[in-house]
Amino acid sequence: MNFYIFYPNTSNLQCIRYVRKPVILSTASQLTSVKTKNVQSEIMRRLKTIATVLLLTVFLFSATALSSDETTTLQSPTLSAANDQKNGVVFAKVASKEHQSPPVTDEENSTVHKTDHANLGEVLPLWSCIPFACMLLSIALFPLAAPEFWHHHFGKVSAFWAATLGIPFLIAFRGAALYEILHIVLADYVPFIILLWSLYTVSGGILLRGTLRGTPIVNVVMLIIGTMLASWMGTTGAAMLLIRPFLRANNYRKNRTFMVVFFIFLVANVGGSLTPLGDPPLFLGFLHGVTFFWTFKILPHMVLVVIILLLVYFMVDTYYYRKEGAAAPEEQESKEPLKLEGAYNFIFLAGIVGSVLMSGMVHWGEINIFGVHRAVQDWVRDGLLILMGILSLVATPITVRQDNEFSWFPIIEVAYLFIGIFITMIPCLLILKAGPHGAMAFLINGVTEPKHYFWVTGSLSSFLDNAPTYLTFFNTALGSFYSGMTEAQAVPLLMGENAVYLKAISAGAVFFGACSYIGNAPNFMVRSISEEAGTPMPSFFGYILKYALVFLIPCFAVVTIIFF
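Reading the values: rules and limits
Residues numbered from 1 in each chain as written. Predicted model: local features only at pLDDT ≥ 70, side-chain atom pairs only at ≥ 80, totals over all residues. Heavy atoms only, no water. Helix = DSSP H or I, 4+ residues; strand = E, 2+ residues; numbered from the N terminus. Buried < 20%, exposed > 50% of the residue type's maximum accessible area, 1.4 Å probe, protein only. Contact = heavy atoms within 4.5 Å. Areas by Shrake-Rupley, 256 points an atom, 1.4 Å probe, with all protein chains shown as cover. Polar contact = N/O pair within 3.5 Å; in protein donor to acceptor, adjacent residues only side chain to side chain. Phe/Tyr/Trp six-rings, centres within 6.5 Å; stacked < 30°, edge-to-face > 60°. Lys NZ or Arg CZ within 6 Å of the ring centre and 35° of its normal. pLDDT = per-residue confidence, 0-100.

## What about the overall build of the protein chain?
1) Next: Counting its regular elements, the protein chain contains 23 helices and six strands.
2) Next: When burial is assessed residue by residue, the protein chain has 53% of its 564 residues classed as buried.
3) Next: Considering only contacts in the protein chain between residues 6 or more positions apart, those separated by 24 or more positions represent 77%.
4) Next: Surface summary for the protein chain: the accessible area is close to 25,200 Å², and the carbon and sulfur share equals 67%.

Structural data, given as structure tokens:
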């Protein structure tokens, strides 16, 4: 027989726990202890489920690849030559032992990989993006139409759409499909989750105590601070650091939804425009030869957007503040001075930023895992990020995290949903990378002016991964102006004589990430943390229709008129 314990003063359904036997809880400490143990056991159960599913998936994918013929010939004649070449290079370790062929350089590996991916993108139809669209629709509609079902089964929904794309993809393209799935999991999803987890864990150990009342002026100051930090510690780092103090400062306000939305606009996106540390696409440009401080050239664009959004925010916040009569909580009669606990976590935060920067500045070779080539420094970076998170967990007292209302649910939700998003968007990314030879040729070929680069790069970055979107149009610009030149020769020229195009690509990739919950990594995390703290957030389409289209698109139109 099951009994239910309902915990008071909680807003999240995950706080309902099931127990096998009646339990008499005589004190608040016992209640907290049972709650903590149940949360931990639930987390462990979910993590074990994820690990099992991933292992089974890798096993099935591997079995599918091994069951194909030795050269892993594709069904499409267009891809057969590229895949034969891939079998001789991507799996060079096996080939070299059997045929004693000469070693293949990293540059040749990179060339073959790029050729193979482009060919696969050439033959994929546009309708192969349907599972990705269905994944987005599920995120948008299920929380509204079936909230109970979604809360308990969002991970299964994500797995379903991933399988809907993955199984036919593997049947049709075999080894090439297996490579693409493993590549996006090992090279994109795993580093993505590790970075989010480390920043979320470390920032969760920094607690601002004291009386901080969220008036319009105070809120604007906090948004300015977050926007300035975002370019130096990353949009994810700045968002995870400030979202909890921002929410606590305004917990007595009735209308808080718009506050979090503008926090996403400014801190989680636009603020990361000035350095490669701010946002992944700029970091990718840095890896391809764009100098570290070149991105300061889009400072005027960023300042314009920030000023417009802050002015609008201040007017909206002032309106609601006066309308609510926003009386401060009674406990503010005895004001508590502000003080920071867990400040040593800033050391771990600096370690995370330094690890990310290190991975872009050194070159220690590559490691081949399941045919996926990743740089050694990237694996080292991921290991250091995990270490920073573990050190934060060990060094920070549990009471600090409890007082900070820290829980693992937001990062678990992001991990479950984004594995489905990453896998289902594989065809979209491959078609995009195919450029004028893919199903999106009509779009790529129409991009000729700076304003085109700004809006097309931005629009695609709103829903797809903004890093490969940035790289696609970065290469398109290089090919348009400096065909036949090497990247090392062309990039300095693009930064100089055709800088307006690179500004448009950079600004579009960063700014438009604010247009949806999946446009940039911290958006969904901020939403999840806010909902868990009791702040209602708009639905997926509600966010786009009520906020992005109303506030962001006019800002971007002004940027286009003035700069592009």
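Moving on from the coordinates now.
## Some thoughts on the environment of Arg209
1) Next: With respect to the secondary-structure elements, Arg209 resides in strand 3 (residues 207-209).
2) Next: Considered as a pair, Arg209 and Leu338 are 129 residues apart in the sequence and their alpha carbons are 5.5 Å apart.
3) Next: If we skip the residues at most four places from it in the chain, Arg209 touches Glu336, Pro337, Leu338, Lys339, Glu341 and Asp403.
4) Next: At 2.5 Å, the side chain of Arg209 forms a polar contact with the side chain of Glu341.
5) Next: Engagement of the side chain of Arg209 in a polar contact is seen with the side chain of Asp403, the distance being 2.5 Å.

## Looking at the side chain of Arg374
1) Next: Topologically, Arg374 is positioned in strand 6 (residues 372-375).
2) Next: Residue classification places Arg374 among the buried positions, given a relative accessible area of 4%.
3) Next: Separated by 3.3 Å, the side chain of Arg374 and the backbone oxygen of Leu186 make a polar contact.
4) Next: Side-chain polar atoms of Arg374 contact the side chain of Asp382, separated by 3.2 Å.
5) Next: Apart from residues no more than four positions distant in its own chain, Arg374 is found in contact with Leu186, Ala187, Pro191, Gly365, Glu366, Ile367, Trp379, Arg381 and Asp382.

## Concerning unusual backbone geometry
1) Next: Positioned with a positive phi, Phe370 is a non-glycine residue whose angle comes to about 55 degrees.
2) Next: Here Phe370 is to be found in the loop between strand 5 (366-369) and strand 6.
3) Next: Its identity is not glycine, yet Glu405 carries a phi of approximately 55 degrees, on the positive side.
4) Next: Within the secondary structure layout, Glu405 lies in the loop between helix 14 (398-403) and helix 15 (409-424).
5) Next: On the basis of relative accessibility, which here comes to 52%, the residue Glu405 falls in the exposed class.

## Here we look at the environment of Gly389
1) Next: Tracing the backbone shows Gly389 in helix 13 (residues 376-395).
2) Next: Residue Gly389 is classed as buried on the basis of its relative accessible area of 0%.
3) Next: Considering only alpha carbons, one finds Gly389 and Asn345, 44 residues apart in sequence, at a separation of 9.5 Å.
4) Next: Those residues in contact with Gly389, other than ones at most four positions away along the chain, are Trp197, Thr201 and Val202.

## Brief notes about the packing of aromatic side chains
1) Next: Under the criterion given, the structure shown has 45 aromatic pairs.
2) Next: Residues Phe418 and Phe524 carry aromatic rings whose centres are separated by 5.9 Å and whose planes lie at 90 degrees to one another, so their mutual orientation is edge-to-face. Here Phe524 lies in helix 22 (residues 521-532) and Phe418 lies in helix 15, a separation of 106 residues in the sequence.
3) Next: On the accessibility criterion, Phe418 (4% relative accessible area) is buried.
4) Next: For Phe524, a relative accessible area of 1% gives the class buried.
5) Next: Directly above the ring of Tyr517 sits Arg527, whose terminal nitrogen or CZ lies 5.6 Å from the centroid.
6) Next: Over the face of the ring belonging to Phe524 we find Arg527, whose NZ or CZ atom lies 4.4 Å from the ring centre.

## Focus on the environment of Leu432
1) Next: Structurally, Leu432 can be placed in helix 16 (residues 426-433).
2) Next: Judged by relative accessible area, which is 1%, Leu432 ranks as buried.
3) Next: Considered as a pair, Leu432 and Thr469 are 37 residues apart in the sequence and their alpha carbons are 7.5 Å apart.

## Here's the deal with the confidence of the model for the protein chain
Residues shown with low pLDDT carry predicted positions that ought not to be read at fine detail.
1) Next: The predicted model of the protein chain has a mean per-residue pLDDT of 78, with 77% of residues at 70 or higher.
2) Next: Here helix 3 (residues 92-99) stands out as the least confident element of the protein chain, with mean pLDDT 32; helix 9 (residues 257-266) is the most confident, with 95.
3) Next: In the predicted structure, residues 1-26 sits below a pLDDT of 50 and forms 46 contacts with residues beyond four places in sequence or in another chain.
4) Next: Low pLDDT, under 50, characterises residues 53-118; the predicted model gives this stretch 73 contacts beyond four residues in sequence or across chains.

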